[in-house]
Amino acid sequence: TGEPLTLPPYSLSPDQSRNMESDAKKAVSSISEEFRRFRVRAEVAKKQADATVRALHTSSVQSTRMRIEGQDIQSELAQAKTDHVRLTALRSEMAEQEARWKESYD
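Residues numbered from 1 in each chain as written. Predicted model: local features only at pLDDT ≥ 70, side-chain atom pairs only at ≥ 80, totals over all residues. Heavy atoms only, no water.

Participant: Could you clarify how one ought to interpret the overall build of the protein chain in this entry?
Facilitator: Scanning the protein chain from N- to C-terminus turns up one helix and zero strands. At 45 Å, the protein chain has a C-alpha radius of gyration far larger than the 13 Å of a compact globule built from 106 residues. Its C-alpha atoms put the protein chain at 155 × 30 × 10 Å along the principal axes. In the protein chain, which comprises 106 residues, the share counted as buried stands at 0%. (Helix = DSSP H or I, 4+ residues; strand = E, 2+ residues; numbered from the N terminus. Rg over C-alpha atoms; globule rule 2.2 N^0.38 Å. Buried < 20%, exposed > 50% of the residue type's maximum accessible area, 1.4 Å probe, protein only.)

Participant: Just checking my understanding: could you explain the pattern of salt bridges for this structure?
Facilitator: As enumerated under the stated definition, the model contains seven salt bridges in all. A salt bridge links K25 to E21; its shortest N-O distance comes to 3.4 Å. Residue K25 and its partner E21 are located together in helix α1 (residues 14–105), separated by four residues, close to a single helical turn. In this structure K25 comes out as exposed when scored by relative accessible area, which is 56%. According to the relative accessible area criterion, E21 is partly exposed, its value standing at 45%. Bridged by salt links that share partners, the residues E33, R36 and R37 form one connected network. (Salt bridge = Lys/Arg side-chain N within 4 Å of Asp/Glu carboxyl O.)

Participant: Sorry, what's going on with the environment of D15 here?
Facilitator: Following the sequence through the fold, D15 ends up in helix α1. D15 gets classed as partly exposed once you look at its relative accessible area, which sits at 49%. Within polar-contact distance, the side chain of D15 engages the side chain of R18 at 2.4 Å. (Polar contact = N/O pair within 3.5 Å; in protein donor to acceptor, adjacent residues only side chain to side chain.)

Participant: Explain a nonpolar patch on the surface to me, please; I cannot follow it from the model alone.
Facilitator: A surface patch of nonpolar side chains, amounting to about 510 Å² of accessible area, comprises L5, L7 and Y10. Assignment of secondary structure puts Y10 in the segment before α1. (Patch = residues over 30% accessible without salt bridge, like charges linked within 9 Å, V, L, I, M, F, W, Y side chains within 5 Å. Areas by Shrake-Rupley, 256 points an atom, 1.4 Å probe, with all protein chains shown as cover.)

Structural data, given as structure tokens:
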């Protein structure tokens, strides 16, 4: 009732098996190499990101320290100015008092 149907062989020939095995090994090797490259790129990117974070943290700490030290220096300068004004006032007071004492004893 129709054309005869030819069935393929139940297994591959030895040459076909070797070719398929060789192709599979090449594919595995290629994928393994691609994954190795991906891992290396990911590791390099991670190290660069870590270095960037460390650099930002270091610069932030340094700028904060400089700002704090600068504020401390400014407060010390303000204190020194206040002390100088008070010292000058005390000197003039002492000079006036000494002058009054001299007048009293003369």
